[in-house]
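Here is what each chain is made of, one letter per residue.
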Amino acid sequence: KSPLERIASRIGGKVQIIDVREITHFFAQDKITFAQNVDGKNFPLDNSLNELENRLDARTFLRVHRNSVINANFVEEVHGWFSGRV
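Counting starts from 1 at the beginning of each chain's written sequence and moves along it residue by residue. Totals for whole chains, interfaces and linings use every residue, but because this is a predicted model, local features are given only for residues with pLDDT of at least 70 and side-chain atom pairs only at 80 or more, for both listing and counting. Hydrogens and water molecules were not included; the side-chain quantities draw on all heavy atoms of the structure.

How should the packing of aromatic side chains be read in this particular structure?
For any pair of aromatic rings, the description consists of the separation of the ring centres together with the inter-plane angle of the planes. Between the rings of Phe, Tyr and Trp (Trp by its six-membered ring), a pair exists once the centres lie within 6.5 Å; its type follows the angle of the planes, with under 30 degrees stacked, over 60 edge-to-face, and the other angles tilted. With the rule as written, the count across this model stands at two aromatic pairs. For the pair F26 and F61, a centre-to-centre distance of 5.7 Å together with 55 degrees between the ring planes defines the contact as tilted. Note that F26 is positioned in strand β3 (residues 23–29) and F61 in strand β6 (residues 61–65), a separation of 35 residues in sequence. By the burial criterion, F26 is buried, and F61 matches it. With a centroid separation of 5.3 Å and an interplanar angle of 20 degrees, the aromatic rings of F27 and F34 are classed as stacked. By definition, any uninterrupted DSSP run of H or I lasting at least four residues is a helix, any uninterrupted run of E lasting at least two residues is a strand, and each is numbered from the N terminus. Think of it in three bands: with a 1.4 Å probe and only protein chains considered, a residue is buried below 20% of the maximum accessible area for its type, exposed above 50%, and partly exposed in between.

So, in structure tokens, the structure goes:
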């Protein structure tokens, strides 16, 4: 399968199609998965983070935490943390 290029978000009675290149990260909160775009707007999704991780381009999107998948194109710097983690 080819990686996802667009994803649908159901908001009220409409479905909004979002280009994944404009998504800075995906995150899970209160058992709901969201995509956040470059403008900081959150879009609820029907997909789980596991499903997204398997369908997104692994060269661009990285699972950095159990509740976060980031778009590496929007990472400007990384800070060291305890035990060599970043």
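Sorry if this is basic, but what is going on with the nonpolar core here?
The definition of a nonpolar core used throughout is a set of buried Ala, Val, Leu, Ile, Met, Phe, Trp, Tyr and Cys residues joined through side-chain atoms within 4.5 Å. Among the nonpolar cores identified, the biggest contains 14 residues, and I7, I23, F26, L52 and L56 are the most heavily contacted of them. For this core, the secondary structure elements donating two or more residues are β3, β5 (42–45) and α1 (49–55). Contact between two residues is taken to exist if any of their heavy atoms lie within 4.5 Å; hydrogens are not considered. Setting aside chain neighbours within four positions, we find I23 in contact with I7, I18, A35, Q36, N37, F61, N71 and F74.

Explain unusual backbone geometry to me, please; I cannot follow it from the model alone.
For residues that are not glycine, phi is negative in most cases, and the peptide bond is trans in most cases. Located in the positive-phi region is D30, a residue other than glycine, with phi close to 50 degrees. Mapped onto the elements, D30 comes out in the loop between β3 and β4 (32–37). Note on D30: relative accessible area 67%, which makes it exposed. Despite not being glycine, K31 has its phi angle at roughly 65 degrees, a positive value. Structurally, K31 can be placed in the loop between β3 and β4.

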